[in-house]
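Chain and residue survey
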Amino acid sequence: MIHQPTSVDQSDRMVPINLRQSGRTPVELLISTRVRKSPYWHLSHEAGCWRATVYNRIYHPRGYVRPEDGGAAAEHEALTRDVTVWNVAVERQIRVRGPDAERFTDYVITRDATRIEPMHAKYVICCNEKGGILNDPVLLRLAGDEFWFSLADSDLLFWLQGVNVGLRMDVEIDEIDVCPLQIQGPKSLDLMVDLVGGGIRDIPYYGLMEAEIAGTSVVVSQSGFSGEKGYEIYLRDATLHAEKLWRAVLAAGEAHRLMVIAPGHQRRIQAGILSP
């Protein structure tokens, strides 16, 4: 006979103090030069962002709808029924460019970079010499001699530069002024058609296309980490043009019930996409 638990009380459970992440934070979140504000940060606040975390040393909005108004459940409903936009400028872009770009990139990732065609992207993993994962970025190949590492949460720039100290390959490795937004949800294609035209219908999963939105230069990929159909808009010269892009997306999104939300972890769990 199986006995069902009568309580979920775990008050006597001992865990390391660094794992105690629940509960209120009795202090204000400080804005400092040690942690960056993205070009979309003030726009996220304007859209109602009320809580944030830090990812890649950049403040990352993690909630827009207040709990009393439905909270994460309301954001989840928008993601699964309509279309949403996420501020994911925390995906810092590290560019590897030069005559040896393909050879260097192939050296630092665990898949064959030579098989990634220009204007395509792949999910990749970077490991240390013992096989430990350093980062699992999306890798965009813009050209034969240019790759962008769209980072997960760890500072890969200095590691890539350090690796090349010994290799001495003919490449430039730097962080570029590119900040992405994600457009996620079942109506994402309809919104993207309004933003960049019908050509977006032809790009495959992890395909890339160059486009303009409100006079700004962007690279669009069919990708994202929501479990829903989605796209990412990589804005060039983001520190100059963030407001133009953001407001153009919101204006076009009105016809599709667009909502600004945080990354939807409920939907990620449903899709089996783990997020450390």
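For the structure itself, look to the data block above.
In what follows, the accompanying structure is described. Computed from a predicted structure; not experimentally measured. (Residues numbered from 1 in each chain as written. Predicted model: local features only at pLDDT ≥ 70, side-chain atom pairs only at ≥ 80, totals over all residues. Heavy atoms only, no water.)

**Focus: the sheet that holds strand 13 (residues 216–221)**
Our working definition: When DSSP finds at least two bridges between two strands, those strands are taken to pair. Secondary structure elements are defined from DSSP: runs of H or I of at least 4 residues count as helices, runs of E of at least 2 residues count as strands, and each element is numbered from the N terminus. Axis definition: a line fit to C-alpha positions, over the contact stretch in the case of helices; interaxial angles, taken between N-to-C directions, run 0 to 180 degrees. In what follows, a contact means two residues having at least one pair of non-hydrogen atoms within 4.5 Å.
One open sheet holds the six strands; their spatial order is 12-13-14-11-3-15, and the pairing between them is mixed. Both edges of this open sheet fall to strand 12 (208–213) and strand 15 (258–260), since each of them pairs with a single strand only. Between one strand axis and the next, the sheet turns by 25 degrees as a mean value, whatever way the strands run. Of the strand pairs in this sheet, strand 12 and strand 13 are connected by six bridges, and their pairing is antiparallel. Residue pairing across strands places leucine 208 opposite serine 221, the latter belonging to strand 13. Along the sheet, helix 2 (residues 71–81) makes contact with strand 3 (83–87), strand 11 (178–184) and strand 15, crossing strand 3 at roughly 120 degrees. Sitting on the sheet, helix 6 (residues 238–253) touches strand 3, strand 11, strand 12, strand 13, strand 14 (230–236) and strand 15, and the angle it makes with strand 14 is about 145 degrees.

**Some remarks on helix 3 (residues 101–108)**
How we decide: Under the scheme applied here, a residue whose accessible area is under 20% of the maximum for its type counts as buried, over 50% as exposed, and between as partly exposed, the area being computed with a 1.4 Å probe on protein chains only. Taken from the helix axis, the directions to the C-beta atoms give the arc we talk about.
What helix 3 keeps buried is the set Ala101, Phe104, Thr105 and Val108. The buried side chains of helix 3 occupy one side of the element, clustering within an arc of 95 degrees when seen end-on. Set apart from the buried face of helix 3 by more than 90 degrees, the exposed residues are Arg103 and Tyr107. Residues of helix 3 that are buried in the fold lie against strand 4 (93–97), strand 6 (126–127), strand 8 (138–143), strand 9 (146–150), helix 4 (157–167) and strand 10 (172–175).

**Points about the sheet that holds strand 5 (residues 120–123)**
Within a sheet, each strand pairs with its neighbour through backbone hydrogen bonds, oriented either parallel or antiparallel. Taken together, five strands build an open sheet; the order of strands is 5-8-9-4-10 and the sheet is antiparallel. A strand with exactly one partner marks an edge of an open sheet, and here the two such strands are strand 5 and strand 10. Geometrically, the sheet is characterised by an average inter-axis angle of 20 degrees between neighbouring strands, direction not taken into account. Here strand 4 pairs with strand 10 via four bridges, running antiparallel. Paired with arginine 97 across the strands is glutamate 172, a residue of strand 10. Contacts from helix 3 reach strand 4, strand 8, strand 9 and strand 10, with the element oriented near 30 degrees to strand 9. Across the face of the sheet, helix 4 comes into contact with strand 4, strand 9 and strand 10 while running at roughly 165 degrees to strand 10.

**Things to note about the pairing of strand 9**
When you tally the buried positions in strand 9, you get five out of five residues, the bulk of the element. Strand direction decides the pairing type here: strand 4 and strand 9, joined by five bridges, are antiparallel. By the bridge assignment, arginine 97 is partnered in strand 9 with glutamate 146. Relative to strand 9, strand 8 runs antiparallel, the two sharing five bridges. Counterpart to arginine 141 in the pairing with strand 9 is phenylalanine 147.

**Some words on the nonpolar core**
What counts, and what does not: In this description, a nonpolar core means a group of buried Ala, Val, Leu, Ile, Met, Phe, Trp, Tyr and Cys residues linked to one another through side-chain atoms lying within 4.5 Å.
Ranked by internal contacts, the top residues of the largest apolar core, which has 36 residues, are Tyr40, Met192, Leu195, Ile200, Ile233 and Val249. Elements represented by at least two residues in this core include exactly strand 3, strand 11, helix 5 (188–196), strand 12, strand 13, strand 14, helix 6 and strand 15. With seven residues, the top contributor of residues to this core is helix 6. If we ignore the near neighbours within four places in the chain, the residues touching leucine 195 are Glu212, Ile213, Ile233, Ala248, Val249 and Ala252. With 21 residues, the next largest nonpolar core counts Cys126, Leu139, Leu151 and Leu160 among its residues.

**Description of unusual backbone geometry**
Leaving glycine aside, a negative phi is the common case for residues, and trans is the common case for peptide bonds. Residues other than glycine seldom take positive phi values, yet tyrosine 206 does so here, at roughly 65 degrees. Relative to the helices and strands, tyrosine 206 resides in the loop between helix 5 and strand 12. The class for tyrosine 206 is buried, based on a relative accessible area of 15%. Phi at arginine 257 is positive, roughly 60 degrees, even though this residue is not glycine. Within the element layout of this structure, arginine 257 appears in the loop between helix 6 and strand 15.

**Let's talk about the packing of helix 3 against helix 4**
Basically, it comes down to this: Throughout, the term roughly parallel applies to angles under 35 degrees, roughly antiparallel to angles over 145, roughly perpendicular to angles from 65 to 115, and oblique to all others. In this scheme the handedness of a crossing depends on how the near helix is turned from the far one: anticlockwise by less than a right angle means left-handed, clockwise means right-handed. In this classification, Asp, Glu, Lys and Arg are treated as charged, Ala, Val, Leu, Ile, Met, Phe, Trp, Tyr, Cys and Pro as nonpolar, and every other residue, Gly included, as polar.
Taken N-terminus to C-terminus, the directions of helix 3 and helix 4 make an angle of 110 degrees; their axes are 11 Å apart at the nearest point. Considered as vectors, helix 3 and helix 4 are oriented roughly perpendicular to each other. Considering how the two elements wind past one another, helix 3 and helix 4 form a crossing that is right-handed. Residues Phe104, Tyr107 and Val108 of helix 3 form the contact with helix 4, whose participating residues are Trp159, Leu160, Val163, Asn164 and Leu167. A class-by-class count of the residues in the contact of helix 3 with helix 4 yields seven nonpolar, one polar and no charged.

Fair warning: the whole summary comes from geometry, so function is off the table for now.
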